[in-house]
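Below, each chain spelled out in residue letters.
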Amino acid sequence: MITIKNVSKVYGKIQALQSIDLSIPDGVCYGLVGPNGAGKSTLMKILAGIVKDYNGSLNFSKKNTSLGYVPQDICLEETLSAFANINFYGKIYGLKGQKLAHRVKAVFDEIGLTDRAKSKVKTFSGGMKRRLNIGCALLHEPDIVIMDEPTVGVDPQSRRHIFQLIHSLKKQGKTIIYASHYMEEIETLCDHVAFIDNGKLIEQGSVTELLSRYAKPEVFIKGDIPRAWLGTEQTVQHKDGGWILATPNPLETLADLATRCKKQNIIPVQLSLMQPRLEDVFFSLTGTALRDNAS
Ligand SMILES: Nc1ncnc2c1ncn2[C@@H]1O[C@H](COP(=O)(O)OP(=O)(O)OP(=O)(O)O)[C@@H](O)[C@H]1O
């Protein structure tokens, strides 16, 4: 367990973090979500021991916890080969000899770049550089992997690869702390999430718990259905050629619509529950969509 207590950080006049309290259980993938400038990177740098002049306290319940940190900005020497870069980081993490050679090989396999090990980094695509950047943090088999927006600017193939890698790290029981402003990624990868906005912790909890607490499913109906048919008491929004109905009782509304369709011999193209999204949770907490602020 990582316990973050009352952590604050100022850069000159900028309050980057304000009284953050968080507990991160072992073995989970923990998402940090917030718009640009929210304070995610600062918190990660504090966790990684890069930013040291902060207020508050940080406690790792396990003694001698090892950390791997994947920075937001790619930190590789472009004129050297992928192998030379990985080897360099391995040495920084204290590996040598057979152990270093074994881990370098294993990491190249994990990031799917074995056949490009001898190529210079400057010949790599953005996605390949990201994968190599991640690999550099895994050489010493850390207990905790901190990843700061590791999929920014990557192609779909590399993104898939990064996701597989994270699933594999989860299976190995690693704790992963993952910052992103892509909600879909957090929903796919993370068990827990903390929303940060303007340096403040807005809310945190398990993804399932937050979804059920803040966002209700909606009902979607699509077909030859005029707005008036849905009645005036419903909050209705037109989307993707159909209607989204916000309702406190989604199952009842669904059943009611099905009954009415049957009675009137209307066959909708689609009649379904729309699952709530983390984006909706963020919106209900802050009144803004994450992407309004994100790049
Ligand atoms: N070294 C620094 N010097 C001065 N201000 C900084 C420094 N690092 C971050 N900040 C400021 O602190 C605030 C939080 O920045 P931080 O990078 O932690 O946010 P973030 O949520 O990671 O944003 P992004 O998604 O854009 O990386 C911002 O206002 C930023 O401009």
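What counts, and where the lines are drawn
Residues numbered from 1 in each chain as written. Predicted model: local features only at pLDDT ≥ 70, side-chain atom pairs only at ≥ 80, totals over all residues. Heavy atoms only, no water. Helix = DSSP H or I, 4+ residues; strand = E, 2+ residues; numbered from the N terminus. Buried < 20%, exposed > 50% of the residue type's maximum accessible area, 1.4 Å probe, protein only. Contact = heavy atoms within 4.5 Å. Areas by Shrake-Rupley, 256 points an atom, 1.4 Å probe, with all protein chains shown as cover. Lys, Arg positive; Asp, Glu negative; His and termini not counted. Charge placed at Lys NZ, Arg CZ, Asp CG, Glu CD. Pairing = 2+ DSSP bridges. UniProt positions renumbered as here; feature names shortened; annotations may be inferred. Axes fitted to C-alpha atoms, helices over the stretch in contact; angles between N-to-C directions.

- The name given to the protein chain in an unreviewed UniProt entry is ABC transporter ATP-binding protein, with the source organism recorded as Pueribacillus theae.

## Some words on the overall build of the protein chain
- Along the protein chain, the regular secondary structure elements total 10 helices and 13 strands.
- Per-residue burial for the protein chain yields a buried fraction of 46% across its 295 residues.
- Within the protein chain, counting contacts between residues at least 6 apart in sequence, those at least 24 apart form 66% of the total.
- Roughly 14900 Å² of accessible area belongs to the protein chain as shown, and the carbon and sulfur atoms make up 52% of that amount.
- One finds the centroid of the 36 positive side-chain charges in the protein chain at a distance of 7 Å from the centroid of its 30 negative side-chain charges.

## Re the pairing of strand S3 (residues 29-33)
- Of all the 5 residues making up S3, 5 are buried; the element is thus mostly covered by neighbouring parts of the structure.
- As paired elements, S3 and strand S7 (residues 175-180) share 5 bridges and run parallel to each other. Note on S7: the bridge partner recorded for Cys29 is Ile176.
- With 4 bridges joining them, S3 and strand S8 (residues 192-197) adopt parallel strand pairing. Its bridge partner being in S8, Gly31 is matched across the sheet by Val193.

## Description of the UniProt feature "domain: ABC transporter" (unreviewed entry) in the protein chain
- Mapped onto this numbering, the UniProt entry annotates "domain: ABC transporter" (unreviewed entry) at residues 2-223.
- The span residues 2-223 carries 34% helix and 29% strand; its end-to-end C-alpha distance comes to 51 Å.

## Quick word on the environment of Phe163
- Note that Phe163 resides in helix H5 (residues 156-171).
- Sequence spacing of Phe163 and Pro150 is 13 residues, and the spatial spacing of their C-alpha atoms is 10.0 Å.
- In contact with Phe163, other than residues within four places in its own chain, are Thr151, Tyr178, Glu185, Thr188 and Leu189.

## Thoughts on the sheet that holds strand S1 (residues 2-11)
- Taken in spatial order, the 3 strands line up as S2-S1-S4 in an open sheet, and their pairing is antiparallel. One side of each edge strand has no neighbouring strand; the edge strands of this open sheet are strand S2 (14-24) and strand S4 (55-60). Sheet twist, expressed as the average angle between the axes of neighbouring strands with direction ignored, equals 20°.
- The sheet strands contacting helix H1 (residues 40-47) are S1, S2 and S4, and the helix crosses S1 at an angle near 120°.

## Thoughts on the sheet that holds strand S12 (residues 242-246)
- Spatial ordering of the open sheet is given by S11-S12-S10-S13, a layout of 4 strands whose pairing is antiparallel. Sheet topology places strand S11 (235-239) and strand S13 (270-274) at the edges, where each strand pairs with a single neighbour. In this sheet, adjacent strand axes meet at a mean angle of 25° when their direction is disregarded.
- The strands that helix H8 (residues 250-263) touches are strand S10 (218-222), S12 and S13; relative to S13, the one it contacts most, it runs at about 175°.

## A word on the environment of Val193
- By the element assignment, Val193 lies in strand S8.
- For the pair Val193 and Glu203, spaced 10 residues apart in the sequence, the C-alpha separation amounts to 8.3 Å.

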